[in-house]
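Structural characterization, general
Here is what each chain is made of, one letter per residue.
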Amino acid sequence: MRFSTPDLCDAHPDKVRVLQPMFNSYGGRKIFGGRIVTVKCFEDNSLVKDNVGRPGQGCVLVVDGGGSLRRALLGDMLAESAVKNGWAGLLIYGCIRDVDIIGQLDLGVQALATIPVKTEKRGIGDYLVPVTFGGVTFNPGEYVYADNNGVIVSSEALELPT
């Protein structure tokens, strides 16, 4: 996938919503995008685990972790499962851990920060619901594009003019 979010913003100014600057890039894939799949959870990554264990088909899992900085919603084992199952990447409004290993994987991962503490598994959360953070609502089935410049969302797939 070859694009830059600045070029997409320039080419489609009326079709993109821009996330406020908040994420750090941790994955080995620095440019990623795809159809949005959402999970809403708080300090419980049960639904993250369930989803990365399913075929991702080039989609991006957008995880609304409520901005918690107390528990990691993604670690190396779940990230490896995401790669194995064809996910393009994950955007996590929360923390991750095992960043040295995640940085070596062919997976886009952006999150707020890192913390070494895992979550409890209580099976609590919502799947395929609109989630809002950073001034943007992420709707399942829309498209997200992420690189080191930022994150943008569109209701349709975007292409750069040739």
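Our subject is the structure that appears above.
An account of the accompanying structure is given in this report. Values in this document were obtained by computation on a predicted structure and should not be read as measured data.

The next thing to look at is the side chain of S46. By secondary structure assignment, the location of S46 is in helix α2 (residues 46-52). Owing to a relative accessible area of 10%, S46 belongs among the buried residues under this scheme. Among all residues touching S46, those that are not within four sequence positions of it are K121, R122 and G123.

Turning to the packing of aromatic side chains, a few remarks are in order. Under the criterion given, the structure shown has four aromatic pairs. When the centroid spacing of 4.8 Å and the interplanar angle of 25 degrees are considered together, the rings of F133 and F138 count as stacked. Note on accessibility: F133 and F138 belong to one class, buried. Put simply, the rings of F23, Y93, F133 and F138 pair up and form one aromatic cluster.

Moving on: the nonpolar core. Within the largest apolar cluster, 24 residues are counted, with the highest numbers of intra-cluster contacts made by L61, L74 and L90. For this core, the secondary-structure elements that each account for two or more residues are β3 (32-40), α2, β4 (60-64), β5 (72-74), α3 (76-84), β6 (89-96) and β7 (108-114).

The subject of this paragraph is the pairing of strand β12 (residues 150-154). Where burial is concerned, most of β12 is hidden: four out of the five residues are buried. With two bridges joining them, strand β1 (residues 17-18) and β12 adopt antiparallel strand pairing. Bridge assignment links V18 to a residue of β12, and that residue is I152. Pairing geometry for strand β11 (residues 143-147) and β12, over five bridges, is antiparallel. Counterpart to Y143 in the pairing with β12 is S154.

As a further point, take the pattern of salt bridges. Opposite charge on two side chains lets them pair, provided their charged atoms get close. Throughout the structure, instances matching the rule amount to six salt bridges. Between D106 and R29 there is a salt bridge whose closest N-O contact spans 3.0 Å. In this pair, D106 is assigned in the loop between α4 (99-102) and β7 and R29 in the loop between β2 (24-25) and β3, connecting sequence segments 77 residues apart. Ionic pairing is found between E43 and R70, a salt bridge with its closest N-O pair at 2.6 Å. Here E43 is found in the loop between β3 and α2, whereas its partner R70 is found in the loop between β4 and β5, with 27 residues between them in sequence. When its relative accessible area of 53% is taken as the criterion, R70 is described as exposed.

A positive phi angle, close to 55 degrees, is found at E43, a residue other than glycine. The class of E43 is buried, set by a relative accessible area of 12%. Even without being glycine, L128 reaches a positive phi, approximately 55 degrees. By the element assignment, L128 lies in the loop between β8 (126-127) and β9 (131-133).

About the cut-offs
Here the residue numbers are simple positions, counted from 1 along each chain's written sequence. Given that this is a predicted model, residues contribute local features only at a pLDDT of at least 70 and side-chain atom pairs are listed and counted only at 80 or more, while totals for whole chains, interfaces and linings are drawn from all residues. As a rule here, side-chain values cover all heavy atoms of the structure and leave hydrogens and water aside. Counting from the N terminus, the helices are the DSSP runs of H or I reaching at least four residues and the strands are the DSSP runs of E reaching at least two. Throughout this description, buried means an accessible area under 20% of the type-specific maximum (1.4 Å probe, protein chains only), exposed means over 50%, and partly exposed covers the range between. The contact rule is simple, with two residues in contact once any of their heavy atoms fall within 4.5 Å. Between rings of Phe, Tyr and Trp, where Trp is taken as its six-membered ring, a pair exists when centres lie within 6.5 Å; planes separated by under 30 degrees are stacked, by over 60 edge-to-face, and by other angles tilted. Think of a nonpolar core as a cluster: buried Ala, Val, Leu, Ile, Met, Phe, Trp, Tyr and Cys residues, connected wherever their side-chain atoms sit within 4.5 Å. Any two strands with at least two DSSP bridges between them are considered paired. Salt bridge, as applied in this entry: a Lys or Arg side-chain nitrogen positioned within 4 Å of an Asp or Glu carboxyl oxygen.

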